[in-house]
Amino acid sequence: MILSAITHYLAANWVEIAGFITTAVGIWLTTRRLLICWPVVLAADILYLIVFYRARLLSDALLQIFFIAFTLYGWWHWWRGVREEGEVRVVPLALPSLLIALVAGIAGSFVLGELAKRLHAALPYLDAALTSFSLVGSWWQARKHIANWWLWIVVNLVYIGEYMYKDLWLTAVLYAGLVGLAILGLREWQRAARSAQTAACTTLRSGSPAI
């Protein structure tokens, strides 16, 4: 009886399960700043595009399309950085860029909210706000800004509640795990940034002329 129920669940939810696994693995690889994270994340984007479309979370489905584009860009941008610098280096986020991104996130929330409402999507404005700021987080991640992890922590916490409301329990559990991975990513990227700063200071001191 139990085995039959498990088999039925796996057969009915295999796409979500596959998305769960690839997303978790992809984000963990991202916290380690490993270039291989991008093809794994790309697979997760495609799988969750299917999951969200079936659940009528249209803003989330649309988000996956943007994620696919950002994933391809991030893959290329990180690859170019590795080719030129030998590693994926964390890049500081300038204040003007931060403000522009936040304004874009707010504006995108209203625009996507109106569109989602016209399409009769579930939770149109909440879903749209999460979609808009997820795009900001995805862009910051592709550009190697530490701030992406702070934003993902907040966004993923809200997503947990939304997916519980929509009975996507496995995805809600996934996003709880993603909060943990975002905290791990924040710590790892901060450590990498400090290491790079220390190395740069050491290089400057060793290269300074003797007085």
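Details of the structure are given in the entry above.
Counting of residues starts from 1 at the beginning of each chain's written sequence and follows it residue by residue. pLDDT decides what is reported in this predicted model: residues at 70 or higher carry local features, side-chain atom pairs at 80 or more are listed and counted, and totals for whole chains, interfaces and linings draw on all residues regardless. Neither water nor hydrogens contribute to the side-chain values; these are computed over all heavy atoms in the structure.

Peer 1: Any details on helix α6 (residues 147–165)? Residues and values, ideally.
Peer 2: A run of DSSP states H or I qualifies as a helix once it reaches four residues; a run of E qualifies as a strand once it reaches two. Both are numbered from the N-terminal end. A helix is expected to reach a length of 1.5 Å times the quantity of its residues less one. The end-to-end C-alpha distance of α6, which contains 19 residues, comes to 28 Å, matching closely the 27 Å that a straight helix rising 1.5 Å per residue would cover. Relative accessibility decides the category of a residue: with a 1.4 Å probe and only protein chains considered, values under 20% of the type maximum give buried, values over 50% give exposed, and everything between is partly exposed. If you check which residues of α6 are buried, you get Ala147, Asn148, Trp149, Leu151, Trp152, Ile153, Val155, Asn156, Tyr159, Ile160, Glu162 and Tyr163. Two residues or fewer past α6, Asp167 is found with a positive phi of approximately 65 degrees.

Peer 1: Any chance you could break down the packing of aromatic side chains for me, citing the residues and the numbers?
Peer 2: Only the six-membered ring of Trp is used, alongside the rings of Phe and Tyr, when aromatic pairs are assigned; centres must lie within 6.5 Å, and planes under 30 degrees apart are stacked while those over 60 apart are edge-to-face, with the rest tilted. Tallied over the entire structure, the rule returns 12 aromatic pairs. Consider the rings of Tyr73 and Trp139, whose centres lie 5.2 Å apart with planes at 20 degrees: the pair is stacked. Separated by 66 residues along the polypeptide, Tyr73 in helix α3 (residues 58–85) and Trp139 in helix α5 (residues 124–142) bring together distant segments of the chain.

Peer 1: Go over the environment of Trp75 with me, naming the residues and quoting the values.
Peer 2: Assignment of secondary structure puts Trp75 in helix α3. Between the C-alpha atom of Trp75 and that of Leu42, which follows or precedes it by 33 residues, the distance is 9.4 Å. Here a residue-residue contact requires only that any non-hydrogen atoms of the pair lie within 4.5 Å. Once you skip the residues sitting within four places of it in the chain, Trp75 turns out to touch Leu35, Trp38, Pro39 and Leu42.

Peer 1: Describe a nonpolar patch on the surface, and please don't skip the residues or the numbers.
Peer 2: Only residues whose relative accessible area exceeds 30% and that take part in no salt bridge are eligible for patches, with like-charged residues grouped when within 9 Å of each other and nonpolar side chains (Val, Leu, Ile, Met, Phe, Trp, Tyr) grouped when within 5 Å. The method behind every accessible area is Shrake-Rupley, applied with a 1.4 Å probe, and residues are considered shielded solely by the protein chains displayed. By convention in these notes, a salt bridge is any Lys or Arg side-chain nitrogen within 4 Å of a carboxyl oxygen on Asp or Glu. On the surface, Leu72, Trp75, Trp76 and Trp79 cluster together into a nonpolar patch covering about 410 Å² of accessible area. Residue position: Leu72 is located in helix α3.

Peer 1: Describe in detail the pattern of salt bridges, supporting the description with residues and values.
Peer 2: The final tally for this structure, using the stated rule, is three salt bridges. Salt-bridge contacts for Glu188 lead to Arg32; the nearest nitrogen and oxygen are separated by 3.3 Å. One end of the pair, Glu188, is in helix α7 (residues 169–207); the other, Arg32, is in the loop between α1 (2–31) and α2 (37–54), with 156 residues separating them in the sequence. The shortest N-O distance in the salt bridge between Arg191 and Glu188 comes to 3.3 Å. Of the two residues, Arg191 and Glu188 both sit in helix α7, three residues apart, roughly one turn of that helix. Relative accessible area serves as the criterion here: at 36%, Arg191 is assigned to the partly exposed category. Here the salt bridges share partners, and the residues they tie into one network are Arg32, Glu188 and Arg191.

Peer 1: Requested: an account of α5, with residues and values cited.
Peer 2: With 19 residues, α5 ought to run about 27 Å at 1.5 Å a step, and its terminal C-alpha atoms sit 27 Å apart, in line with that. Judged by how many residues are buried, α5 sits mostly within the fold: 15 of 19 residues are covered. Taken from the residues just after α5, Lys144 is the one with a positive phi, measuring 70 degrees.

Peer 1: Requested: an account of the packing of α5 against α6, with residues and values cited.
Peer 2: Interhelical geometry of α5 versus α6 gives an angle of 155 degrees and a closest axis separation of 9 Å. One finds that α5 runs roughly antiparallel with respect to α6. Two packed elements cross with a definite hand, and for α5 against α6 that hand is left-handed. Of α6, the residues touching α5 (which contributes Leu126, Asp127, Leu130, Thr131, Phe133, Ser134, Val136, Gly137, Ser138, Trp140 and Gln141) are Ala147, Asn148, Trp149, Leu151, Trp152, Val155, Val158, Tyr159 and Glu162. For the contact of α5 with α6, the class distribution of residues is 12 nonpolar, six polar and two charged. Working convention: axes come from line fits to C-alpha atoms, limited for helices to the stretch in contact. Angles between N-to-C directions cover 0 to 180 degrees. Comment on the angle field: the value is read as roughly parallel under 35 degrees, roughly antiparallel over 145, roughly perpendicular from 65 to 115, and oblique elsewhere. By convention the crossing between two helices is left-handed if the near helix lies anticlockwise of the far one by an angle smaller than a right angle, and right-handed if it lies clockwise. Ten residue types, Ala, Val, Leu, Ile, Met, Phe, Trp, Tyr, Cys and Pro, are classed as nonpolar, four, Asp, Glu, Lys and Arg, as charged, and the remainder, Gly among them, as polar.

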